[in-house]
Amino acid sequence: MQRQFDVVIERDEEGFYIASVPQIRGCHTQARSLDEVMQRIREALELCLAVEGAPEHSLEFIGIQRITIAA
């Protein structure tokens, strides 16, 4: 059975790509390139599912919004 998961990718101040899967708590990784981070997040997701199992509740991805506030 195949399942789809959403991956959020960000880049930190040192240029590393950070990938996380919101549906799976603690499922994240980093790499220097987009290709490498996608490979690593797939491996991390497979490991998380093997250890934790599939999530009971499925989230529907809606989108990402950016807001600005005074800090």
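Before reading further, recall that the structure is shown in the block above.
Keep in mind that this is a model prediction, so the values were computed, not measured. (Residues numbered from 1 in each chain as written. Predicted model: local features only at pLDDT ≥ 70, side-chain atom pairs only at ≥ 80, totals over all residues. Heavy atoms only, no water.)

Draft legend 1. View of the overall build of the chain. Of the regular secondary structure elements, the chain holds 1 helix and 3 strands. The secondary structure elements of the chain, listed N-terminal to C-terminal, are β-β-β-α. Dimensions of the chain, computed from C-alpha atoms along their principal axes, come out at roughly 45 × 25 × 15 Å. Counting only contacts in the chain whose residues sit at least 6 apart along the sequence, the fraction spanning at least 24 positions is 21%. For the chain, the exposed area adds up to about 6300 Å²; of that, 49% sits on carbon and sulfur atoms. Across the chain, the centroid of the 7 positively charged side chains sits 2 Å from that of the 12 negatively charged ones. (Helix = DSSP H or I, 4+ residues; strand = E, 2+ residues; numbered from the N terminus. Contact = heavy atoms within 4.5 Å. Areas by Shrake-Rupley, 256 points an atom, 1.4 Å probe, with all protein chains shown as cover. Lys, Arg positive; Asp, Glu negative; His and termini not counted. Charge placed at Lys NZ, Arg CZ, Asp CG, Glu CD.)

Draft legend 2. Structural context of the environment of Leu34. For Leu34, the location among the structural elements is in helix α1 (residues 34-52). Relative accessible area serves as the criterion here: at 43%, Leu34 is assigned to the partly exposed category. Along the primary structure Leu34 and Ala44 are separated by 10 residues, whereas in three dimensions their C-alpha atoms are 15 Å apart. Contacts of Leu34, omitting those with residues within four sequence positions, involve Ile9 and Tyr17. (Buried < 20%, exposed > 50% of the residue type's maximum accessible area, 1.4 Å probe, protein only.)

Draft legend 3. Structural context of the side chain of Thr29. Mapped onto the secondary structure, Thr29 falls in strand β3 (residues 28-31). Given the relative accessible area of 16%, Thr29 is considered buried. Those residues in contact with Thr29 that lie beyond four places of it in its chain are Tyr17, Ile18, Ala19, Val37, Arg40 and Ile41.

Draft legend 4. Focus on the sheet that holds strand β1 (residues 8-11). Read from one edge of the open sheet, 3 strands run β1-β2-β3, paired in antiparallel fashion. The outermost strands of the open sheet, each flanked by one partner alone, are β1 and β3. Averaged over all adjacent pairs, the angle separating strand axes in this sheet is 20 degrees, with direction ignored. Here β1 runs beside strand β2 (residues 17-20); their pairing, made up of 4 bridges, is antiparallel. Bridge pairing in β2 places Glu10 opposite Ile18. Sheet strands in contact with α1 are β1, β2 and β3, and its direction is about 155 degrees off that of β3. (Pairing = 2+ DSSP bridges. Axes fitted to C-alpha atoms, helices over the stretch in contact; angles between N-to-C directions.)

Draft legend 5. Up close: the packing of aromatic side chains. Considering all chains together, one arrives at 0 aromatic pairs under this definition. Just above the ring of Phe16 sits the side chain of Arg32; from NZ or CZ to the centre is 4.0 Å. (Phe/Tyr/Trp six-rings, centres within 6.5 Å; stacked < 30°, edge-to-face > 60°. Lys NZ or Arg CZ within 6 Å of the ring centre and 35° of its normal.)

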